[in-house]
Number of protein chains: 2
Amino acid sequence: MKMLACAVIAEFNPFHNGHAYLLQKARQKTGADILIVVMSGNFVQRGEPALINKWERARLALMNGADLVVEIPTEYATDSAREFAHAGVTIANEMQSDYLAFGSETPNLDFEKESRIIDRLFNEQLSYNQNFASQLFHGTDIVNSNDILGINYAYWNAQSSKSKMQLLPIQRIGANHLDSNVGGDIASASSIRKSFLKNDQEYQSAVPTATKEVLAATKPVIWDDYWELLEYKILISSPESLSHVKNMNEGFEYRVLSMLDGSDSFLTLMKNLKTKRYTYTSIQRKMLNILLDIHNERFQLSKSRLLATNSLGRRYIKEKKLKNFLMTKVSKVDFATNYKITKRADEIYQLVSPYNWGKSPIITDDVKE
Amino acid sequence: MKMLACAVIAEFNPFHNGHAYLLQKARQKTGADILIVVMSGNFVQRGEPALINKWERARLALMNGADLVVEIPTEYATDSAREFAHAGVTIANEMQSDYLAFGSETPNLDFEKESRIIDRLFNEQLSYNQNFASQLFHGTDIVNSNDILGINYAYWNAQSSKSKMQLLPIQRIGANHLDSNVGGDIASASSIRKSFLKNDQEYQSAVPTATKEVLAATKPVIWDDYWELLEYKILISSPESLSHVKNMNEGFEYRVLSMLDGSDSFLTLMKNLKTKRYTYTSIQRKMLNILLDIHNERFQLSKSRLLATNSLGRRYIKEKKLKNFLMTKVSKVDFATNYKITKRADEIYQLVSPYNWGKSPIITDDVKE
């Protein structure tokens, strides 16, 4: 009998009760045999390091309902919502998933229909680097980043040349994504990060025990940890070399070079760089591209790395013949091509917070059947 | 009446009693009105950061007998003994110095005569990157780095198209330069650094009080402080980009890239990189060229920066019309050309140990007349 699969595109930064709820609902509503998590790696879409490394996050996902966790390569995971969604949907379709579940504030929205507005605007060659989504839906009811992602998922799913997934928006419960007031059992990842970094205990009720344990045992990573490296990288850069960094356009490289001198922290630099033209997040992504030395060239997304699986996931990989698409070991050729930037990002991540993972995927044998 | 000048090429890393003795003897023996110190900046000839920044070292020199302190640009100061000496002698001659004094274990050696062997060997195109000097004098009595420097000074002085200086070797007293046993009033700079970094008190009797105070008040800088930055710089380097780093030849870039993985400290990396072919110091200089992003191109040594002067020194600058050669303020053009690498090196130095110097030279009014 055909194994039914449902994918979730996620960051789990960090994994919290809302994520566990999403995975549970996704399985319930689709009756899927397999839950596939398509996850960003050590750097996330907001243009910053993940609080916890990708291996620990993949392990937490497996402990909390996922069967397979595969990675979005870093240059895609840290790109705009549009490109992030593109990569996520591409991988989910390559994984032959039947459904794509995602959290939404407005699950009754017709995402396919809304996605057509993107299509039109793309054709009008909207400037790529502006905060595309927020501009796009400015003045509409669609202001939540989850819904904007949902629309992007719908868009790329419709574009896919592979068999398309059925979209499954799942009503988000509890705190609003941007609500900074942690409390109760559900809170957004950003409010949990804030609470954790403030060293208060409030976030603890909003995450599974295993997340608490990982946060206590691992050195969490934030942008501040990379301030000296970023300073150094800018110091050794010429305007010409900076101009080749991804998304460094419209002379922004000169702004970066001139603002460094008066900046004594990452936050100060970000404040000094901020203009109306660019959102905070898009500038942060530029800084990440400088730090990780990501240039305008990119490799085609032809593979994804398997981070974690249980035995059900292994059966699925075999049945669907995913061995060519999924890297279980990263070969020398992969390290030099499609996985090159991710490898470098992982090494730079580990300058701050080393880990012992990475030789092979996390494989568990406990199958929930 | 013509002002008589004597130059000393130095690093003062850190300034100790032996340096004070050398300056005192130099003045005594030459009867010079002016003592000019031609000093390396924030990075020194051994291919490492100076323990104390150049401004504090220039100030200490002024307090201990110098009248003028001028800087050897970083790409010359951190080069081989041959190039270091070339730059030092060029600057001293541009400064119209009458004498060049230097410490020597064998002051009776005929430095001019010995220097002719260099001339011959240079013409035989001896491989530039091997430890030139130690090879050259292998099997002779000339093994001390001061004497090797002295011979190089003699060589370049003879080559100079300007009026030549009279060489004045001054007998070094007390500890041998490589003697690690600090004690008494005279000790070598390297044994003082070791004693200071071991946190013992032995070095204290070998340095003036002012040096002790500076060491206590300033964050001393060592290679370990740059380990993370060096790791990062190598991580973001391709074999191709590394091959353009100065003195990175004969495929050594591949060795650097392959050895990084198994190295968890600067010392481990150095040990992993060491081969018979290269001396420790020459490898250390390669690492510094990586860190400071010094490439094979260089600007002609056309200027030197004035670090410190007393009023006698100012009179000398005026009388000898040195304003074009000496930078008192570094212009935008200088920062983009002849002072470019030094500026970057200063900024990288300050990532570890910031200072408030640098807007203008240190000028004191106390004249010893």
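Now for a quick tour of the structure. Predicted model only: the values in this text are computed from it and were never measured.

The next point concerns the relation of the copies chain B and chain A. With an axial shift of 0.0 Å and an RMSD of 0.0 Å, the rotation relating chain B to chain A amounts to 180°. When the rotation and shift are considered jointly, the pair of chain copies conforms to a two-fold rotation axis. Looking at the rotation axis and the C-alpha trace of chain B, the residue lying nearest is L229 of chain B, at 3.2 Å. A share of 100% of interface residues in chain B that are also interface residues in chain A marks the association as one of identical surfaces.

Residues and elements named next belong to chain A. Looking along the chain, the bond that leaves N13 and enters P14 is cis, with omega of 0°. By secondary structure assignment, the location of P14 is in the loop between β1 (5–10) and α1 (17–30). A positive phi is found at F12, a non-glycine position, where the angle reads about 50°. Relative to the helices and strands, F12 is located in the loop between β1 and α1.

Often, the extent of an interface is quoted as the loss of accessible area upon association of its parts. Listed per partner, the contact involves 14 residues of chain B and 14 residues of chain A. Here chain B meets chain A over a buried area of about 1,500 Å², counting both sides, of which 67% is carbon and sulfur. Among the residues of chain B in contact with chain A, Y232, L235 and L351 of chain B are the three that bury the most area, contributing 43% of the side total. Remark: the boundary between chain B and chain A carries zero salt bridges. Inspection of the chain B/chain A interface yields two residue pairs in polar contact (both at pLDDT 80 or more).

Turning next to the pairing of strand β5 (residues 68–72) of chain B. Residues and elements named next belong to chain B. Counting buried positions along β5 gives five out of five residues, so the element sits mostly inside the fold. Relative to β5, strand β2 (residues 34–40) runs parallel, the two sharing five bridges. Bridged to I36 within β5 is L68. Relative to strand β8 (residues 304–309), β5 is paired through three bridges, and the arrangement is antiparallel. Pairing of V69 across the sheet is with A308, part of β8.

This next bit is on helix α8 (residues 189–197) of chain B. For an α-helix, the turn length of 3.6 residues means that residues three or four places apart are oriented alike. Residue and element names in this part refer to chain B. Of all nine residues that make up α8, seven are buried, and the element is covered over most of its length. All of the buried residues along α8 are A189, S190, S191, I192, R193, S195 and F196. Close packing links the buried residues of α8 with β4 (48–49) and α9 (209–217). Taken from the residues just after α8, N199 is the one with a positive phi, measuring 70°.

The geometry of an aromatic ring pair comes down to the distance between the two centres and the angle between the two planes. Residues and elements named next belong to chain A. Taken as a whole, this structure holds 23 aromatic pairs over all chains when the rule is applied. Taking 5.1 Å as the distance between ring centres and 90° as the angle between the ring planes, the aromatic pair formed by F102 and F111 counts as edge-to-face. Here F102 matches F111 in class, with each residue buried. For the ring pair Y155 and W156, a centre distance of 4.8 Å and an interplane angle of 80° mean the geometry is edge-to-face. In this structure, Y155 and W156 share a single accessibility class: buried. A cation over an aromatic ring shows up here: K286 above the ring of F252, its NZ or CZ 5.4 Å from the ring centre.

Attention now moves to the pairing of strand β8 (residues 304–309) of chain A. Residue and element names in this part refer to chain A. Within β8, six of the six residues are buried, which leaves it mostly tucked inside the rest of the structure. Of the strand pairs in this sheet, strand β5 (residues 68–72) and β8 are connected by four bridges, and their pairing is antiparallel. Residue pairing in the sheet places L68 in a bridge with T309 of β8. One ladder, built from two bridges, connects β8 with strand β9 (residues 326–327); its direction is parallel. Paired with R305 across the bridge in β9 is M327. With helix α15 (residues 311–319) bridging β8 and its parallel neighbour β9, the resulting β-α-β unit is right-handed. Across two bridges, β8 lies against strand β10 (residues 362–363) in parallel orientation. Following the sheet pairing, T309 is matched in β10 by I363.

M287 of chain A together with M287 of chain B are the most contacted members of the largest nonpolar core, which has 148 residues in total. Beyond its immediate stretch of four places on either side in the chain, M287 of chain B contacts W223, L230, F252, V256, F266, L269, M270 and L273 of chain B.

What follows covers the side chain of R193 of chain B. Within the element layout of this structure, R193 of chain B appears in helix α8. Setting aside anything within four residues of it in sequence, one finds R193 of chain B in contact with N13, P14, R46, E48 and L51 of chain B.

Let us look at the packing of helix α13 (residues 266–273) of chain A against helix α14 (residues 280–291) of chain A. Residues and elements named next belong to chain A. Close contact between α13 and α14 brings their axes to 10 Å; oriented N to C, the two are set at 120°. Judged by the inter-axis angle, α13 sits oblique to α14. α13 and α14 meet at a crossing whose hand is right-handed. Across the interface between the two elements, F266, L267, L269, M270 and L273 from α13 touch Y280, I283, Q284 and M287 from α14.

Conventions and cut-offs
- Numbering of residues begins from 1 in every chain and follows the order in which that chain's sequence is written.
- Each chain takes a letter, starting from A, and each ligand takes a number, starting from 1, following the order in which they are written.
- Reporting in this predicted model follows two pLDDT cut-offs: at least 70 for local features of residues, and 80 or more for side-chain atom pairs to be given and counted; totals over whole chains, interfaces and linings ignore these cut-offs and use all residues.
- With hydrogens and water set aside, each side-chain value is computed from the structure's full complement of heavy atoms.
- Superposing copies: least-squares fit, C-alpha atoms only, residues required to have pLDDT of at least 70 in both.
- In what follows, a contact means two residues having at least one pair of non-hydrogen atoms within 4.5 Å.
- Helix and strand assignments come from DSSP, with helices taken as H or I runs of at least 4 residues and strands as E runs of at least 2, each series counted from the N terminus.
- Two parts placed together each lose some accessible area under a 1.4 Å probe, and the buried area is that loss summed for both.
- For this analysis, a salt bridge means a side-chain nitrogen from Lys or Arg found within 4 Å of a carboxyl oxygen belonging to Asp or Glu.
- Any N or O atom pair separated by 3.5 Å or less is treated as a polar contact, with the protein-specific requirement of one donor-capable and one acceptor-capable atom, and with residues adjacent in sequence counted only for side-chain atom pairs.
- Residue burial is assigned from relative accessible area. The probe radius is 1.4 Å, only protein chains are included, and a residue is buried under 20% of its type maximum, exposed over 50%, and partly exposed in between.
- We call two strands paired when DSSP finds no fewer than two bridges between them.
- Stacked, tilted and edge-to-face pairs are distinguished by plane angle, under 30 degrees for stacked and over 60 for edge-to-face with tilted covering the rest, among Phe, Tyr and Trp rings (Trp via its six-membered ring) whose centres lie within 6.5 Å.
- Distance and angle both matter: a charge sits over a ring if NZ of Lys or CZ of Arg is within 6 Å of the ring centre and within 35 degrees of the ring normal.
- Classification remark: right-handed applies to a crossover when, strands pointing away from the viewer, the course from the first strand over the helix to the second runs clockwise.
- Nonpolar cores were defined as sets of buried Ala, Val, Leu, Ile, Met, Phe, Trp, Tyr and Cys residues, with membership established by side-chain atoms within 4.5 Å.
- Angular values range over 0 to 180 degrees, each being the angle between N-to-C directions of two axes fitted as lines to C-alpha atoms, with helices fitted over their stretch in contact.
- Under this scheme an angle from 65 to 115 degrees is roughly perpendicular, one under 35 degrees roughly parallel, and one over 145 degrees roughly antiparallel; angles in between are oblique.
- Less than a right angle of anticlockwise turn of the near helix away from the far helix marks a crossing as left-handed, whereas a clockwise turn marks it as right-handed.

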